[in-house]
Amino acid sequence: MRNPSKLTLSLLLLSGLLILGWGAITASSFPASSPQVTAAASTQSGGQDRLVGQDFLGYAGDVVTYHYNPSREGANLAETTLTPSNVNSTSFGKTSFFAVDGKVDAQPLYVYKLPGTLRIQNTLFVVTEHGSVYNFDADAGTQTWKVSAIPAGETTSDNHGCGQISPEIGITDTPVIDRQRGQSGAIYFVAMSKDSSGHYHQRLHALDLRTGAELFGGPKEITATYPGTGDGSQGGQVIFAPGQFAERAGLLELGGTIYLAFTSHCDDRPYTGWVMAYNSLTLAQTSVIDVTPNGNEGAIWMAGAGLAGDNQALYFLDGNGTFDTTLNSQGFPINGDYGNAFMKISFGPPLAVADYFTMYNTVQESDADEDLGSGGAMILPDLMDSQGHVHHLAVGAGKDTNIYVVNRDNMGKFNPNDDSAIYQEIDGVLPGGVWAMPAYFNNTVYYGPVGHPLKAFSISNAKLSTSPTSQTATSFTFPGTTPSVSANGTSNGIVWAIENTSPAVLHAYDATNLSHELYNSNQAGSRDQFGPGNKFITPMIVNGKVFVGTQTGVAMFGLLH
């Protein structure tokens, strides 16, 4: 008679092979996407595959980039489980906690129906300031794999005497995922480390989604030079010094290219404003630009918001720094320095400034550290005015309490006398300033300024209302709040926001009226609490779950029964 334990083991191995085979068939049964259409655009939740033409982008349940899409609108429009009627402290609450080895400063990402080692799983990806990447089975609550991006003999970076990212700097940026790269898809991110000689490193990584293995010969050491005589320059070239920077802004993938942008440690010079482009298949650098090459400062941090992009260009808000008020005949700064500006960068290669807007008092704002760079840029969907004209707009705000709405086709540039060339400016409506990212849903823009309520601004005739149409009863302490929205199309809209207190609080509001709070995580006593706040946290909602990064892991919320 055969050994029953051996027979059982053989059957288990056979079952495992069948499951893996089924996963491989599922993953490979769709045509690969073209370089122009990638999985980084797939953002809504649900159970259907998402197709554009004949190109498979991934499942509609994927959340593969910061704030759901390259426009950074922050809305999941296919959430069919969570509704204003069931999001309350009786039916909804904390259901799990994914513990990790460091602070979670990046937004978690989510891949629907990823072939795993033993089964098809809904997968939560988390990166930490300890330099680790985690793959969790989001439904089972178990860890599938963990990878350290810190090489042997190195450590995470110290905080450089700056409390903005502290006590260590490893992976700060929100990664981007492309399900069509490599065998099982790839997750891209930048990790910072320090070697035994005291030298700092910034490296671009691409990991296999299923195994965590490095892809495409990575990681890639990030180096760069750019013509200029500004901070950190030698012999007419500005040199990227990895120790002077951190990769806080979320990564962007468009057209098969990964875009990065770097911030400083506090305002500790020398530093300038770097944006870089890398090929997603080879990790080769394809272009760089410095937006303050002949000056200083002007870094890109945006409270962790991702670079935004449409089919023409990148958009971001640049921090305080040199701005050349002498313009050339096309209205661009004569020395190419764009500190404290709303930027549009054409893809190229090479990357180049295509347009910009900055305030008439931009130099004074930079000198007072009242710049735009504390907020993120968001691309609005096409909006039609009462005459039937379609407008291509983007919105941003920073420390000066104003909302700036720019025409992406003609942003307005610089006028030393006034801001009359901008599409719309709403002054003083965000008291306390913005250290956060807005969200958009159903002709409404949501902003969470420091020390004040979360505010809704409705859109009519292709313009924002000049005062809030609703606001929360709760005021949000520093850094304010970055909202996210869940909805089923245009119905059942819920605005989610984190209050940076101790304990931190997850709030849910009726998207049509922010004065109507549906739920908060203090209502059930300690049951739903998840520890102290972690500053620039963006809630992520998908597949009936809400994920919130913390100082020690990711809290998951959902229906209790």
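Basis of the calculations
Residues numbered from 1 in each chain as written. Predicted model: local features only at pLDDT ≥ 70, side-chain atom pairs only at ≥ 80, totals over all residues. Heavy atoms only, no water. Core = buried A, V, L, I, M, F, W, Y, C linked by side-chain atoms within 4.5 Å. Buried < 20%, exposed > 50% of the residue type's maximum accessible area, 1.4 Å probe, protein only. Disulfide = S-S within 2.5 Å. Helix = DSSP H or I, 4+ residues; strand = E, 2+ residues; numbered from the N terminus. Salt bridge = Lys/Arg side-chain N within 4 Å of Asp/Glu carboxyl O. Phe/Tyr/Trp six-rings, centres within 6.5 Å; stacked < 30°, edge-to-face > 60°. Lys NZ or Arg CZ within 6 Å of the ring centre and 35° of its normal. Pairing = 2+ DSSP bridges. Axes fitted to C-alpha atoms, helices over the stretch in contact; angles between N-to-C directions. pLDDT = per-residue confidence, 0-100. Contact = heavy atoms within 4.5 Å. Polar contact = N/O pair within 3.5 Å; in protein donor to acceptor, adjacent residues only side chain to side chain.

Tyr259, Phe316, Phe342, Leu380, Ile403 and Tyr447 are the most contacted members of the largest nonpolar core, which totals 59 residues. One finds Val126, Trp496, Tyr519 and Val542 within the second-largest nonpolar core, a separate group that totals 36 residues.

Right, let's talk about the state of the cysteines for a bit. One pass over the structure, following the stated rule, counts one disulfide. Between the sulfur of Cys162 and that of Cys266 lies a disulfide, 2.1 Å long from S to S. On the sign convention where negative means left-handed, the S-S torsion of about 90 degrees between Cys162 and Cys266 marks this disulfide as right-handed. Separated by 104 residues along the polypeptide, Cys162 in the loop between strand E9 (155-158) and strand E10 (168-169) and Cys266 in the loop between strand E21 (263-264) and strand E22 (274-279) bring together distant segments of the chain. Its relative accessible area of 3% is what places Cys162 among the buried residues. On the accessibility criterion, Cys266 (26% relative accessible area) is partly exposed.

Next up on the list: the pattern of salt bridges. Applying the stated rule across the entire model yields 13 salt bridges. For the salt bridge of Lys399 with Asp369, the shortest nitrogen-to-oxygen distance reads 2.9 Å. Of the two residues, Lys399 sits in the loop between strand E31 (393-397) and strand E32 (403-407) while Asp369 sits in the loop between helix H2 (362-367) and strand E28 (378-379), which places them 30 residues apart along the sequence. Relative accessible area serves as the criterion here: at 14%, Lys399 is assigned to the buried category. A single network of salt bridges, built from pairs that share partners, joins Glu154, Arg203 and Glu221.

To continue, consider the packing of aromatic side chains. Inspection of the entire model under this criterion finds 20 aromatic pairs. Measuring from ring centre to ring centre gives 5.5 Å for Phe92 and Trp496, while their planes differ by 45 degrees; the resulting arrangement is tilted. With a gap of 404 residues between them, Phe92 in strand E4 (residues 92-99) and Trp496 in strand E40 (residues 491-499) connect regions that are remote in the sequence. Residue class for Phe92 comes out buried when judged on its relative accessible area of 0%. The interplanar angle of 0 degrees and the centroid separation of 5.4 Å between the aromatic rings of Tyr134 and Phe136 together place this pair among those described as stacked. Given a relative accessible area of 3%, Tyr134 falls into the buried group. Given the relative accessible area of 4%, Phe136 is considered buried. Among the aromatic residues, those joined into a ring-pair cluster are Phe92, Trp496, Tyr519, Phe530 and Phe557. Over the ring of Tyr423 we find Lys463, and its NZ or CZ is 5.4 Å from the ring centre.

Another point: the sheet that holds strand E41 (residues 505-510). Whenever strands of a sheet pair, they do so through backbone hydrogen bonds, lying parallel or antiparallel. Taken in spatial order, the five strands line up as E3-E39-E40-E41-E42 in an open sheet, and their pairing is mixed. Strands at the two margins of the open sheet, each flanked by one partner only, are strand E3 (75-76) and strand E42 (513-520). Of the strand pairs in this sheet, E41 and E42 are connected by four bridges, and their pairing is antiparallel. Each residue of the ladder has a partner; that of His507, found in E42, is Asn520.

If you walk across this open sheet you meet the four strands as E5-E6-E7-E8, and the pairing is antiparallel. For this open sheet the edge positions go to strand E5 (109-115) and strand E8 (142-148), each flanked by a neighbour on one side alone. On average, each strand axis in the sheet is inclined to that of its neighbour by 25 degrees, with strand direction left out of account. Where E5 meets strand E6 (residues 120-127), five bridges bridge the pair, whose relative direction is antiparallel. Across the sheet, Pro115 pairs through a bridge with Ile120, a residue of E6.

Here we come to the confidence of the model for the chain. Atomic detail in the predicted coordinates should be set aside for any region of low pLDDT. The predicted model of the chain has a mean per-residue pLDDT of 91, with 89% of residues at 70 or higher. Within the model, pLDDT remains below 50 along residues 1-57, and this stretch shows 95 contacts once partners closer than five positions in the same chain are excluded.

So, about the side chain of Thr358. Following the sequence through the fold, Thr358 ends up in the loop between strand E27 (352-357) and H2. Look at Thr358 and you get buried, because its relative accessible area is 0%. A polar contact is formed between the side chain of Thr358 and the side chain of Thr362, at a distance of 2.9 Å. Apart from residues no more than four positions distant in its own chain, Thr358 is found in contact with Phe323, Asn340, Ala341, Lys413, Phe414 and Asp419.

Let's shift gears to the pairing of strand E7 (residues 132-137). Extensive coverage of E7 is indicated by the burial of six of its six residues. The two faces of E7 match: Ser132, Tyr134 and Phe136 on one face and Val133, Asn135 and Asp137 on the other face are all buried. Bridge count for E6 against E7 is five bridges, and the pairing is antiparallel. Along E7, the bridge assignment pairs Val126 with Tyr134.

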